[in-house]
Structure formats: structure tokens, C-alpha cells
Amino acid sequence: MTDPARDVVFISHATPQDNDFVKWLGARLIGLGYNVWADVFELKVGTPFWRSIEEAIRGRAIKVIYVASSASISPSRTGVRNELSAAEGMGKKLGDPAFIIPVRIDGTDYNDFPIQVTQLNALDFFSGWGGMLVTLVETLEKANVPTDPAR
């Protein structure tokens, strides 16, 4: 049974490099009724962002989409790494080995993904955003991620 408090699809990505993709993906998922949390939508000036991010991942996320790109795989992207670490821990706590859904948006080699996602099947949006959106939505549906068509 799904925890009703867990209704958020959290999108982890490198800001600002991956913002265009996240805005595109988030808008489509929101249009389909999903509750999406991404910094480009949620964080406002003055928001204590790490507290907000942590609360979203640990308290509300039902799935975390990790946007894999040349920017987000960099070891210097400690924010993305922190989000993945929190998501990995929550996936274990929830007993959901598919809690993190990696999506590749450029030619980044799969072997260069952060260790938390190297063994997870990734969706390859690099070959086309629109076509892979269908596969992502099917993945969310199979995982019983709730939607609200009124959103």
C-alpha cells in the first residue's frame, strides 16, 4: 500500500545546465496530473533550499527522477550527489529498489553515472525526449504513482 503522503515525483538535476530539460519534463508530468517537485518550480528567493529538498525526498517523494548529464555526473556536483544519497537511503527504507529512475539526456557514458545509479536501468532521453516520455509515464503508472487530473 502506498503512503498517501508520498505523492511527489522529485527531479534531481544539475542547475542551471539541465533546467531546460527539467522544465520540459516537469511541465508534461504536471499536465498529466503528477505532483512534481523540482527546484526550478519550487524554490523561491529566500527559501531554505536544503531543508526543502530534504523534506521533499525523505517525506514526500514516491519516485526520484535523476537527470544524468555531463553536468550532473561531475563529482563536484555535491548537491546532486547529496540528493542521490538521500534518495538511495529512502529507497532502501521504503523497500523500493526502483525508487530512483535515471534518465540520460546527453551522450554521458552509463559507466560514468554516480555509484547510486550505475546498476539501475536508465531511460535514454538522449535519443529523443518525446518518445521516452511515454516510457517514463508507463514506468510511473506501473509503480502506482498517483495522479490528480485536476492539477
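Just so it is clear, the model here is predicted, and its values are computed rather than measured. (Residues numbered from 1 in each chain as written. Predicted model: local features only at pLDDT ≥ 70, side-chain atom pairs only at ≥ 80, totals over all residues. Heavy atoms only, no water.)

**Notes on the nonpolar core**
Consideration 1: Counting 24 residues, the largest nonpolar core has Phe21, Leu25, Leu29, Ile65 and Phe125 as its most contacted members.
Consideration 2: Among the elements of the structure, β1 (8–12), α1 (19–31), β3 (61–68), β4 (100–104) and α5 (129–142) are those that each provide at least two residues to this core.
Consideration 3: If we ignore the near neighbours within four places in the chain, the residues touching Phe21 are Val67, Val103, Ile105, Phe125 and Trp129.
Consideration 4: Counting 20 residues, the second largest nonpolar core, distinct from the first, contains Trp37, Ala56, Tyr66 and Val117. (Core = buried A, V, L, I, M, F, W, Y, C linked by side-chain atoms within 4.5 Å. Buried < 20%, exposed > 50% of the residue type's maximum accessible area, 1.4 Å probe, protein only. Helix = DSSP H or I, 4+ residues; strand = E, 2+ residues; numbered from the N terminus. Contact = heavy atoms within 4.5 Å.)

**Things to note about helix α3 (residues 49–60)**
Consideration 1: Its 12 residues give α3 an end-to-end C-alpha distance of 15 Å, which sits within 8% of 16 Å, the value for a rise of 1.5 Å per residue.
Consideration 2: For α3, the complete set of buried residues consists of Ile53, Ala56 and Ile57. For α3, the buried positions fall inside an angular range of 85° around the axis, keeping them on one side. (Expected span 1.5 Å × (residues − 1). Arc of directions from axis to C-beta.)

**Some thoughts on α5**
One turn of the α-helix equals 3.6 residues, which is why residues spaced by three or four share an orientation.
Consideration 1: With 14 residues, α5 extends 20 Å between its outermost C-alpha atoms, agreeing within 8% with the 20 Å of an ideal straight helix rising 1.5 Å per residue.
Consideration 2: Looking at the buried residues of α5, the elements they touch are α1, β3, β4 and β5 (123–124).
Consideration 3: A positive backbone phi angle near 60° is found at Asn144, which sits one or two residues after α5.

**Looking at the sheet that holds β3**
Consideration 1: With parallel pairing, the five strands of this open sheet are ordered in space as β2-β1-β3-β4-β5. Each end of this open sheet is capped by a strand with a single partner; those strands are β2 (35–37) and β5.
Consideration 2: Where β1 and β3 come together, five bridges link them in parallel fashion. The partner of Phe10 across the bridge, within β3, is Val64. (Pairing = 2+ DSSP bridges.)

**Some words on the environment of Val137**
Consideration 1: Along the chain, Val137 falls in helix α5.
Consideration 2: Taking the C-alpha atoms as reference points, Val137 and Glu54, separated by 83 residues in sequence, lie 24 Å from one another.
Consideration 3: Setting aside anything within four residues of it in sequence, one finds Val137 in contact with Leu29, Leu32 and Tyr34.

Just distances and angles here, no functional claims.
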